[in-house]
Amino acid sequence: MSGDTTYRVVPVRHYGRWVAAVIIAVLVAMGVHTIFSKVPTGQFACSTLNGVRSCHSVLEWRFGWDVVFQYFTSSLMLKGLVITLELTVLAMVIGIVLGVGIAIMRLSPNRLLSMPAWTYTWFFRGTPVYVQLLFWFNFAALYKVITFGVPFANVHFFTFDSLSITAFVAAVIGLGLNEAAYMSEIARAGLISVDEGQVEAATALGMTRAQTLRLVILPQAMRVVLPPTGNEIISMLKTTSLAAAISVIELTGAAQNIYASNYKVVDLLICASMWYIAMTTVLSIGQYYLERHFGRGALRSQPLTPIERLRADLKGITGKLHTSRPAVSR
Amino acid sequence: MTEIMVDARSVTKHYGNVQVLKGVNLQVKRGEVTCLIGPSGSGKSTLLRCINHLEKHDTGELLVDGELVGYQLRGDRLYERKANEICQNRSEIGMVFQRFNLFSHLTVLDNITIGMMRVKGVGQEPAKAKARELLLRVGLENKENSYPSQLSGGQQQRVAIARALAMEPKLMLFDEPTSALDPELVGEVLDVMRDLANSGMTMIVVTHEMGFAREVADSVYFLDQGVIEESGDPAQVLTHPRTERLQNFLSKVL
């Protein structure tokens with residue numbers, strides 16, 4: 001091992017990995033094939049050509065792709081899609097605003113504030129969201145009317161009839177209040193993740209508590225809060241399908257309505273699923289760039305975006321073609 | 001304009017049942033540099049933090065620029081000051097921390113301008129101009145777009161000093177500003193502090209840098225177990241300590 005001899009480096013061969021890769025490739029190919037295969041319907045189509053009558057078995061897509069795409073952009077499904085998006089946005093807005101408020105209350109040294117916040121989370125996390133939806137939908141059984149006014153004085157600002165809580169409103173309330181319980185824990189984790197020294201520095205500069213919260217704590221908490229919040233939004237998008245149980249015609253409800261009349265159950269469930277996947281994909285991409293934005297300053301250098309990384313990889317590959325084999329000199 | 005910038009008389013403070021300050025007396029004249037030395041846990045940092053009301057002292061009088069810290073005397077009663085008055089008072093006192101505490105989500109320039117813009121209401125352009133001037137002064141004029149995590153400890157501490165100076169404070173508090181630094185980075189921070197002292201800034205520095213104390217300080221206070229054991233001219237206190245405790249302390253740190 002002396003002098004300027006150059007050795008070729010032989011990497012370890014991972015035979016086990018190669019075998020595993022082949023097995024997985026075969027399974028993937030089988031899976032793709034069966035998803036896009038056609039099967040006989042049991043019917044025959046016959047025709048007469050030049051006096052010769054011939055018949056052949058009629059085939060159809062196993063997964064009913066023609067039906068899926070027929071309904072994918074149908075007005076019923078699109079209406080359901082809009083309702084799903086409305087439910088998601090409204091419930092998340094309620095969840096985030098209320099959740100941050102509850103988290104701030106929970107961290108208060110005053111037990112009259114922190115205990116109710118704890119109780120709220122305890123209750124709403126402890127009961128199934130499906131049950132909560134049914135509860136709000138049947139709220140009128142508890143209170144016929146709700147009046148806002150001054151307690152113990154005969155002053156009423158406005159009154160409303162509990163029966164006016166439609167299925168949609170019940171779904172927004174139910175999903176939003178339940179979400180607030182989860183969001184409050186996420187927000188609390190974010191708030192306590194910010195270093196005490198940051199608060200001291202802001203205080204020493206003469207910032208008020210509100211300024212410190214808004215300018216220093218919340219922007220830094222965002223980095224911790226965003227990934228689980230993205231998770232919650234994606235989760236909410238799918239949880240809205242429970243609203244179908246209280247007769248809200250959102251995406252899943254629309255699919256159910258359609259297959260109730262044409263019996264294409266699986267086809268329409270696939271159709272709805274494709275919309276859910278499309279929407280969660282868009283949300284995931286948005287989440288990635290939002291996290292990048294709020295992550296600045298946390299790392300010494302910003303990681304590349306997938307597009308930048310792809311470009312760098314391509315450059316690396318073309319670069320490698322022009323360089324000789326790697327070798328170490330001893 | 002009073003001659004005395006900080007006047008502490010019999011200041012006490014306890015956490016739970018631990019008495020951290022047991023009646024501390026301290027006087028800092030305008031334009032002077034005062035160093036607080038002493039073993040860890042002696043109450044140096046607590047005293048410093050009481051001066052800008054990051055901590056509330058229990059008893060005794062604490063005056064900054066002739067005004068009681070955190071309270072207002074009317075008749076024979078002390079009224080606790082409102083939060084915005086305390087914020088106003090704090091904004092006139094700069095503070096530099098051991099762990100720098102730069103706002104990690106903001107660039108160097110934004111770290112310096114945020115106090116000027118949000119607390120003092122300075123416009124964006126004048127704030128930026130002032131920040132660049134201060135960065136030049138601490139020798140970091142080419143780092144304005146960096147984030148704190150991209151800087152060395154010494155550079156971060158110099159930015160922290162610039163951030164405090166941006167508020168045009170009448171008094172600067174330094175809480176062990178070089179204790180978290182690698183030895184070779186201590187010098188650059190002390191250089192900035194020495195310049196600041198020469199420019200006539202009133203400074204209170206909690207430090208373990210005895211060389212700095214001897215060279216720059218106008219007076220030195222030695223705290224031990226919440227009591228000022230010895231104080232006076234640095235040459236006198238540091239070279240001819242009278243008490244045994246200070247002799248012991250100096251033999252360990254020098």
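Small disclaimer: the values here were computed from a predicted structure and weren't measured. (Residues numbered from 1 in each chain as written. Chains lettered and ligands numbered in written order. Predicted model: local features only at pLDDT ≥ 70, side-chain atom pairs only at ≥ 80, totals over all residues. Heavy atoms only, no water.)

### Some remarks on the overall build of chain A
Move 1: Tallying secondary structure elements over chain A gives eleven helices and six strands in all.
Move 2: Principal axes of the C-alpha set define a box for chain A whose edges measure 90 × 90 × 30 Å.
Move 3: Carbon together with sulfur atoms contributes 67% to the accessible area of chain A, which is approximately 21,000 Å² in total.
Move 4: Averaging the coordinates of the 26 positive side-chain charges in chain A and doing the same for the 16 negative ones gives two points 8 Å apart. (Helix = DSSP H or I, 4+ residues; strand = E, 2+ residues; numbered from the N terminus. Areas by Shrake-Rupley, 256 points an atom, 1.4 Å probe, with all protein chains shown as cover. Lys, Arg positive; Asp, Glu negative; His and termini not counted. Charge placed at Lys NZ, Arg CZ, Asp CG, Glu CD.)

### Examining the pattern of salt bridges
All names here are of chain B.
Move 1: Inspection of the entire model under this criterion finds 20 salt bridges over all chains.
Move 2: Residue Glu-188 pairs with Arg-158 through a salt bridge whose shortest N-O separation is 2.4 Å. Placement of Glu-188 in helix α6 (residues 183-198) and of Arg-158 in helix α5 (residues 153-165) is noted, with a sequence separation of 30 residues between them.
Move 3: For Glu-188, a relative accessible area of 24% gives the class partly exposed.
Move 4: Overlapping salt bridges bring together Arg-30, Asp-65, Glu-92 and Lys-170 as one network. (Salt bridge = Lys/Arg side-chain N within 4 Å of Asp/Glu carboxyl O. Buried < 20%, exposed > 50% of the residue type's maximum accessible area, 1.4 Å probe, protein only.)

### Side note on the state of the cysteines
Move 1: Within the structure shown, the criterion is met by one disulfide over all chains.
Move 2: Across a sulfur-sulfur distance of 1.8 Å, A:Cys46 and A:Cys55 are joined as a disulfide pair. One quick way to see it: the torsion about the S-S bond of A:Cys46 and A:Cys55 is about 110°, and its sign makes the bridge right-handed.
Move 3: The class for A:Cys46 is partly exposed, based on a relative accessible area of 35%.
Move 4: Taking relative accessible area as the criterion, A:Cys55 reaches 45% and is therefore assigned partly exposed.
Move 5: Its sulfur unpaired, B:Cys35 is 19 Å from the next cysteine sulfur, which belongs to B:Cys50. (Disulfide = S-S within 2.5 Å.)

### Re the interface of chain B and chain A
Move 1: Each side of the interface is counted separately: chain B has 23 residues, and chain A has 23 residues.
Move 2: Ranking the residues of chain B by area buried against chain A places B:Phe103, B:His105 and B:Arg118 at the top, with a combined share of 27%.
Move 3: Summed over the shared surface of chain B and chain A, the number is one salt bridge.
Move 4: Looking at the side of chain B that touches chain A, the elements with two or more residues in it are α2 (83-90), β8 (93-96) and α3 (108-118) of chain B.
Move 5: Sort the elements by how many residues they give to the side of chain B that touches chain A and α3(B) lands first, with three residues.
Move 6: When grouped by side-chain class, the residues that make up the side of chain B that touches chain A number eleven nonpolar, eight polar and four charged. (Contact = heavy atoms within 4.5 Å. Buried area = accessible area lost by both parts, 1.4 Å probe. Nonpolar A, V, L, I, M, F, W, Y, C, P; charged D, E, K, R; others polar.)

### Points about the sheet that holds strand β9 (residues 171-175) of chain B
Residue and element names in this part refer to chain B.
Move 1: Pairing within the open sheet is mixed, and its six strands lie in the order β8-β9-β10-β3-β11-β12. If you trace the sheet from one side to the other, it starts and ends with β8 and β12 (227-232), each paired once. When strand polarity is set aside, the average angle formed by the axes of neighbouring strands in this sheet is 15°.
Move 2: Pairing of strand β3 (residues 33-37) with strand β11 (residues 219-224) involves four bridges; the strand directions are parallel. Looking at β11, one finds that Leu-36 is bridged to Tyr-221.
Move 3: Contacting β3, β8, β9, β10 (203-206) and β11, helix α1 (residues 44-51) crosses the sheet at an angle of about 150° to β9. (Pairing = 2+ DSSP bridges. Axes fitted to C-alpha atoms, helices over the stretch in contact; angles between N-to-C directions.)

### What about helix α7 (residues 196-204) of chain A?
Move 1: Across the nine residues of α7(A), seven count as buried, placing the element largely inside the fold.
Move 2: Listing the buried residues of α7(A) in full gives A:Gly197, A:Gln198, A:Glu200, A:Ala201, A:Ala202, A:Thr203 and A:Ala204.
Move 3: Buried residues belonging to α7(A) abut α8 (209-239) of chain A together with α1, α2, β8 and α5 of chain B.

### Side note on unusual backbone geometry
Move 1: For A:Ser247, which is not a glycine, the phi torsion comes out positive at approximately 65°.
Move 2: Following the sequence through the fold, A:Ser247 ends up in the loop between α8 and α9 (251-262).
Move 3: Unlike most non-glycine residues, B:Glu176 shows phi in positive territory, near 45°.
Move 4: Checked against the element boundaries, B:Glu176 lands in the loop between β9 and α6.
Move 5: Given the relative accessible area of 11%, B:Glu176 is considered buried.

### So, the pairing of strand β2 (residues 18-29) of chain B
Move 1: In the sheet, strand β1 (residues 4-15) of chain B pairs with β2(B) via nine bridges, with the strands oriented antiparallel. Looking at the pairing, B:Lys13 lines up with B:Leu21 of β2(B).

### Focus: the sheet that holds β1(B)
All names here are of chain B.
Move 1: Strand order in the open sheet formed by four strands is β2-β1-β4-β5, with antiparallel pairing between adjacent strands. Two strands close off the open sheet at either side, each with one partner strand: β2 and β5 (67-68).
Move 2: Packing against the sheet, α1 makes contact with β1, β2 and β4 (59-64), and its axis sits at approximately 60° to β2.

### Quick look at the packing of aromatic side chains
Move 1: Applying the stated rule across the entire model yields 16 aromatic pairs over all chains.
Move 2: Ring geometry for A:Phe135 against A:Trp136: centres 5.2 Å apart, planes inclined by 85°, an arrangement best described as edge-to-face.
Move 3: Here the aromatic rings of A:Tyr288 and A:Tyr289 are separated by 5.1 Å at their centres, their planes lie at 85°, and the arrangement is edge-to-face.
Move 4: Under the relative-accessibility criterion, A:Tyr289 is labelled partly exposed at 36%.
Move 5: Grouping aromatic residues by their ring pairs yields a cluster made of A:Phe36, A:Phe63, A:Trp65, A:Phe69, A:Phe72 and A:Trp275.
Move 6: The cationic tip of B:Arg74 hangs over the ring face of B:Tyr79; the distance from NZ or CZ to the ring centre is 4.3 Å.
Move 7: Here B:Arg163 stacks its cationic end above the ring of B:Phe103, 4.7 Å away from the centre of that ring. (Phe/Tyr/Trp six-rings, centres within 6.5 Å; stacked < 30°, edge-to-face > 60°. Lys NZ or Arg CZ within 6 Å of the ring centre and 35° of its normal.)

### Some points on the packing of α3(B) against helix α4 (residues 124-137) of chain B
All names here are of chain B.
Move 1: Between α3 and α4, the shortest axis-to-axis distance is 9 Å and the interhelical angle comes to 125°. Classified by the angle their axes make, α3 and α4 are oblique. Crossing handedness for the pair α3 and α4: right-handed. Of α4, the residues touching α3 (which contributes Val-108, Leu-109, Ile-112, Thr-113, Met-116 and Met-117) are Gln-124, Ala-127, Lys-128, Lys-130, Ala-131, Arg-132, Leu-134 and Leu-135. (Parallel < 35°, antiparallel > 145°, perpendicular 65-115°, else oblique. Left-handed = near helix turned anticlockwise from the far one by under 90°.)

### Re the packing of helix α3 (residues 75-106) of chain A against α8(A)
Each pair of packed helices gets described by two things: the angle between the helix axes and the distance between those axes.
All names here are of chain A.
Move 1: Two elements in contact, α3 and α8, have axes separated by 11 Å at closest approach and are oriented at 140°. As far as their axial angle goes, α8 and α3 are oblique. For the pair α3 and α8, the crossing hand works out as right-handed. Across the interface between the two elements, Thr-84, Leu-85, Thr-88, Ala-91, Met-92, Ile-96 and Ile-104 from α3 touch Leu-213, Thr-229, Glu-232, Ile-233, Met-236 and Leu-237 from α8.
Move 2: Broken down by class, the residue content of the contact of α3 with α8 amounts to nine nonpolar, three polar and one charged.

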